[in-house]
Amino acid sequence: MKVDIKNEKKRVDWIDYLKAIGIFLVCLGHSNCVLKLRKYVYSFHMPLFFLIGGLTINPAKYGSIKEFFIYKVKKLLIPYFCINLFTIPFWYIYCEFMVNKSFSFIEITKGIFISNNDITILVNGPTWFITTLFLSEMLFYLLYKFYDGDKKHLLTVSIFLLIIGYIEGITSRKIVMPWHINSLPVGCALTIIGYLVGNLLIKSNFEKLKKKSLLNILMPVILMFCSAYLAIFVNGNVSFGGNNYKSFILTFSSLFMTICGLSMILMQLPKIRLLSFVGKSSLVLLAIHKPAIYIIRYYIPVFKTVSIDSTIIGTLMFLFLIPVAYIIKKFAPFLVGDFNIKK
């Protein structure tokens, strides 16, 4: 989070912890975890990263749209293409030996550029989020510049974008677009909201939220219990990638209650280096967890089904991938587009 909006920013532990929880849930959600848990995970795990993007973004640092664009291409688009190219051999083995399907190089290349599994195959499906995040942050920057950073205007625009996303979701579900453009209004709205919340936390004494008072212990528990109940038993399955939210009010009520509750809990934690590392390595873990799933499904058939066993195996897989992420970041960071950008 930023310390000074116009100067520098420094990492804040609880935001890294939030990213760590988010990427763990992404991996778990793709591991055929039990259905009720899956419903809850899918109610907030991807929107969480759009909000975090807004929390950590600092648009005042960039003098022009060109400068911001180049930075985001290096930080998001290059990793996106590197990740998918890295995944191709694992995808090929999975298709040849497990599902008896084959795809041409043209189909695979087309899928990487389209970045939407609903249109054509994407070898590393979860990476759709990266291209949509890129579009969301670019649109956010344009809006920030257009309104000269005025927070009231940005808040109004975020509400307008949420309404657009809702209308698109209920009227145009059969229109599937490259880069999940359907999800762009909601993604950008969440980025704006994250940015505004980040500024609010800077100006207010958010240290109060770190105090271990009875309120700060009970409130997040109540929020997360209510959000889980809404997501699992009332609203049902939602898809932010598919722009399908069931009840818009219930979806976003559950989403914000979960993220607020999680944040309050994580703010109270001491320095945990492992959790911090996982948060900082979220892009690497996003890159390698899908190839790992291909391998595990080949050797452990139960992992293909929705069960307690799959949930346990998915958790163990995630723990195993942490040292793998460390090795990649240390010895081959280029595989996930890490070019040691210092911006």
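Since this is a predicted model, take the numbers as computed values, not measurements. (Residues numbered from 1 in each chain as written. Predicted model: local features only at pLDDT ≥ 70, side-chain atom pairs only at ≥ 80, totals over all residues. Heavy atoms only, no water.)

## Things to note about the packing of aromatic side chains
Point 1. Within the structure shown, the criterion is met by 27 aromatic pairs.
Point 2. Arranged with centres 5.0 Å apart and planes meeting at 55 degrees, the rings of Y166 and F248 form a pair that is tilted. Here Y166 is found in helix 7 (residues 151-171), whereas its partner F248 is found in helix 10 (residues 248-267), with 82 residues between them in sequence.
Point 3. The rings of Y166, F240, Y245, F248, F252 and F256 are connected pair by pair, giving a single aromatic cluster.
Point 4. Between K330 and the ring centre of F331, over which it is positioned, the NZ or CZ distance is 5.8 Å. (Phe/Tyr/Trp six-rings, centres within 6.5 Å; stacked < 30°, edge-to-face > 60°. Helix = DSSP H or I, 4+ residues; strand = E, 2+ residues; numbered from the N terminus. Lys NZ or Arg CZ within 6 Å of the ring centre and 35° of its normal.)

## Quick look at the nonpolar core
Point 1. Ranked by size, the top nonpolar core spans 93 residues in total, and within it W14, I23, W91, F129, I192, F252 and L285 carry the most contacts.
Point 2. L285 has contacts with I23, V278, F318, L321, I322 and A325, leaving out every residue within four places of it along the chain. (Core = buried A, V, L, I, M, F, W, Y, C linked by side-chain atoms within 4.5 Å. Buried < 20%, exposed > 50% of the residue type's maximum accessible area, 1.4 Å probe, protein only. Contact = heavy atoms within 4.5 Å.)

## What about the packing of helix 12 (residues 282-299) against helix 13 (residues 308-331)?
Point 1. Put simply, helix 12 and helix 13 touch, their axes get as near as 9 Å, and they point 130 degrees apart. Classed by the angle they form, the pair helix 12 and helix 13 counts as oblique. Here helix 12 and helix 13 pass one another in a crossing that is right-handed. Every residue of helix 13 that contacts helix 12 at V284, L285, I288, H289, A292, I293 and I296 is listed here: I313, M317, F318, L321, I322, V324, A325, I328 and K329. (Axes fitted to C-alpha atoms, helices over the stretch in contact; angles between N-to-C directions. Parallel < 35°, antiparallel > 145°, perpendicular 65-115°, else oblique. Left-handed = near helix turned anticlockwise from the far one by under 90°.)

Purely geometric numbers; function is a separate question.
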